[in-house]
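Close look at the chain arrangement
This is what each chain is made of:
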Amino acid sequence: DQQVKQNSPSLSVQEGRISILNCDYTNSMFDYFLWYKKYPAEGPTFLISISSIKDKNEDGRFTVFLNKSAKHLSLHIVPSQPGDSAVYFCAASALISSGSARQLTFGSGTQLTVLP
Amino acid sequence: IAGITQAPTSQILAAGRRMTLRCTQDMRHNAMYWYRQDLGLGLRLIHYSNTAGTTGKGEVPDGYSVSRANTDDFPLTLASAVPSQTSVYFCATAVAGGQPQHFGDGTRLSIL
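Residues numbered from 1 in each chain as written. Chains lettered and ligands numbered in written order. Predicted model: local features only at pLDDT ≥ 70, side-chain atom pairs only at ≥ 80, totals over all residues. Heavy atoms only, no water.

**Here's the deal with the layout of surface pockets**
- Of the voids in this model, the largest pocket is the one considered here, and its volume is about 600 Å³.
- If you list the elements that add at least two residues to the lining of the largest pocket, you get β9 (86–95) and β11 (110–115) of chain A together with β4 (31–38), β9 (87–94) and β11 (107–111) of chain B.
- Classifying every residue of the lining of the largest pocket gives 11 nonpolar, 15 polar and 5 charged. (1 Å grid on protein atoms, 1.4 Å probe; cavity = no way out; pocket = protein on both sides within 12 Å on 5 of 7 lines; lining within 4 Å. Points joined across faces, edges and corners; volume = space filled by probe spheres on them. Helix = DSSP H or I, 4+ residues; strand = E, 2+ residues; numbered from the N terminus. Nonpolar A, V, L, I, M, F, W, Y, C, P; charged D, E, K, R; others polar.)

**Looking at the pattern of salt bridges**
- Under the defined criterion, the tally for this structure stands at 5 salt bridges over all chains.
- For the salt bridge of A:Asp31 with A:Arg102, the shortest nitrogen-to-oxygen distance reads 2.9 Å. Pair noted here: A:Asp31 is in the loop between β3 (19–25) and β4 (32–38) and A:Arg102 is in strand β10 (residues 102–106), with a separation of 71 residues, a long-range link.
- The salt bridge partner of B:Asp72 is B:Arg28, with a shortest N-O separation of 2.9 Å. With B:Asp72 in the loop between β7 (64–66) and β8 (76–78) and B:Arg28 in the loop between β3 (19–25) and β4, the pair connects residues that are 44 residues apart, well separated along the chain.
- The class of B:Asp72 is partly exposed, set by a relative accessible area of 22%.
- B:Arg28 gets classed as exposed once you look at its relative accessible area, which sits at 55%. (Salt bridge = Lys/Arg side-chain N within 4 Å of Asp/Glu carboxyl O. Buried < 20%, exposed > 50% of the residue type's maximum accessible area, 1.4 Å probe, protein only.)

**Details of the sheet that holds strand β7 (residues 62–67) of chain A**
All names here are of chain A.
- Reading across from one edge, β1-β3-β8-β7-β6 is the order of the 5 strands in this open sheet, with antiparallel pairing throughout. Two strands in the sheet have a free side with no partner beyond their single neighbour: β1 (4–5) and β6 (56–59).
- Looking at chain direction, β6 and β7 are connected through 4 bridges and run antiparallel. Of the residues in β7, the one forming a bridge with Asp59 is Phe62. (Pairing = 2+ DSSP bridges.)

**Things to note about the state of the cysteines**
All names here are of chain A.
- By the definition in use, this model includes 2 disulfides over all chains.
- The residue that forms a disulfide with Cys23 is Cys90, at a sulfur-sulfur distance of 2.0 Å. Taking the sign of the S-S torsion, about -70 degrees here, the bridge from Cys23 to Cys90 comes out left-handed. On the criterion of sequence distance, the pair formed by Cys23 in strand β3 and Cys90 in strand β9 is long-range, its members being 67 residues apart. As far as burial versus exposure is concerned, Cys23 and Cys90 are alike and both buried. (Disulfide = S-S within 2.5 Å.)

So this is what it looks like as structure tokens:
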């Protein structure tokens, strides 16, 4: 039973347009949400995050929206660039019960392709 | 350059063999993690460590062990590899209790 779901395995967008990547979660204990970007043969790279006490966080071309009542978050990329083509993972964070470490629960990823 | 180093980059291993994946960081982060990535499943937590001397089990710990003798190193050991452990393994670090986690470039492991 996946606690974090990315229902779109792939997304294609024209350069300059908006890319919207979606993510749904089920566990109410998640209190922090992150987006990672991954290129082939590399590790995931942190992109942007949002605390559960906020509904929006913006960093340049990237904006993350959180709808707690719907247990839904989305990543908007405006304008999209060919270099944005990568796999994007949504991750939800919760404290691990036995200490201060945090467990990240990942979605299965969305392959974004930005067409020139 | 500060970061996380994983070794080896890739490995083909016969089933039943013992294998240790290495992870070394120079960021002085207290928390370290091991994940595996399988197609269609995202990344799943295997084991973690809050700080040197402590370890804990994640979502998929069976068949794996870890140790944390010091801050910088967090090796992952497969005592007797099985084909279902074929995967890409990522090590990550974070400031204790903090975000985000930073990832190494992974080890691609194939068990035959």
